[in-house]
Amino acid sequence: MKPFTALVPAIILLACLALPCTALESKFFTITEKTISLELGPGFEMVSGEFNTSENGMVRQDFIINNTGASGAAFVSVMSVYDETMSKMSPGALSELFLIGGISAVEAEGAVEIGNWTAVDSQGRNVTVHTLSTNDERVEKLGGSYDMAVWNLDGPNFAVMVSLFDHNNTTKTIKTLTIS
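I will try to describe carefully the structure that is included in this document. Owing to the predicted nature of the structure, the values given are computational and were not obtained by experimental measurement.

### Overview of the overall build of the protein
Logical step 1: Summing up its helical and strand segments, the protein has five helices and nine strands in all.
Logical step 2: Expressed as a percentage of the 180 residues in the protein, the buried residues total 32%.
Logical step 3: Taking contacts inside the protein between residues at least 6 apart in sequence as the whole, the part at least 24 apart equals 45%.
Logical step 4: About 11500 Å² of surface is accessible on the protein, with carbon and sulfur atoms providing 58% of the total.

Given below as C-alpha cells:
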C-alpha cells in the first residue's frame, strides 16, 4: 500500500504541472535608430541636436538645417509618440494638436499669425504652413516672419518645423523630409 500512497501525490503533482498556464504579458518600449533625410541641394547641412525622452509618451530628436551660402535656417523636431491614448488618435488629429500647442506657445511670446499656405509632403499629403510675424530681434534681421508646420511622417512619427527659409526651401523641406 505504501507504494500506492507515494504514487498518488506524484500523479497529482504531474497533473498540475501539465495544466496549461496563463502567459503573462506586458508592453515595453524600445528605441530604434532611423535615418532622416531631405534633398535641398548644395550648401545645406543638417546637424542633430538634443535627444529628449519624456514621461509624456513621446521621444523627440531635434535638428537644425541651415544654408551655408545664404541666410536662413530651419528647426525640425521629429517626435515619436508611444502614449497609449495619443496612439489611438488619428495622425491628422495629433498633427493639429501639436500645431495648436506650438502656435499658442509662440503667440504667448508675442508672435502673430499673418497667413497660411499649403505644401505637399513626401507622401503626397497636404501640409498647412502657418506664417507668423514676430518682433524678436533675431528673426527681424531675416525679415521678421517665419513659417511653422506639423505633419505626420509615418505611423507614430511627426515632424514639427519652424522655418526661416524662403517659401521655396520651406516647401522643399516639407516635400523631401523622410525617415526610414
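### Re the nonpolar core
Logical step 1: Membership of the largest hydrophobic core comes to 22 residues, with the highest contact counts inside it found for Ile65, Val76, Trp151, Leu153, Ile174 and Leu177.
Logical step 2: The next biggest cluster of nonpolar side chains, apart from the first, holds 15 residues, and it includes Met79, Met86, Leu99 and Ile103.

### Focus on the packing of aromatic side chains
Logical step 1: Across all of its chains, the model carries two aromatic pairs by this definition.
Logical step 2: Plain terms: the ring middles of Phe44 and Phe165 are 5.5 Å apart, the flat faces sit at 80° to each other, and that makes the pair edge-to-face. With Phe44 in strand E2 (residues 44-53) and Phe165 in the loop between strand E8 (157-163) and helix H5 (167-176), this residue pair connects regions lying 121 residues apart in the sequence. Across the pair, Phe165 and Phe44 agree in class, each one buried.
Logical step 3: Ring plane angle 80° and centroid distance 5.5 Å describe the contact between Phe98 and Phe158, whose orientation is recorded as edge-to-face.

Conventions we followed
Residues numbered from 1 in each chain as written. Predicted model: local features only at pLDDT ≥ 70, side-chain atom pairs only at ≥ 80, totals over all residues. Heavy atoms only, no water. Helix = DSSP H or I, 4+ residues; strand = E, 2+ residues; numbered from the N terminus. Buried < 20%, exposed > 50% of the residue type's maximum accessible area, 1.4 Å probe, protein only. Contact = heavy atoms within 4.5 Å. Areas by Shrake-Rupley, 256 points an atom, 1.4 Å probe, with all protein chains shown as cover. Core = buried A, V, L, I, M, F, W, Y, C linked by side-chain atoms within 4.5 Å. Phe/Tyr/Trp six-rings, centres within 6.5 Å; stacked < 30°, edge-to-face > 60°.

This is a description of form; function is not addressed.
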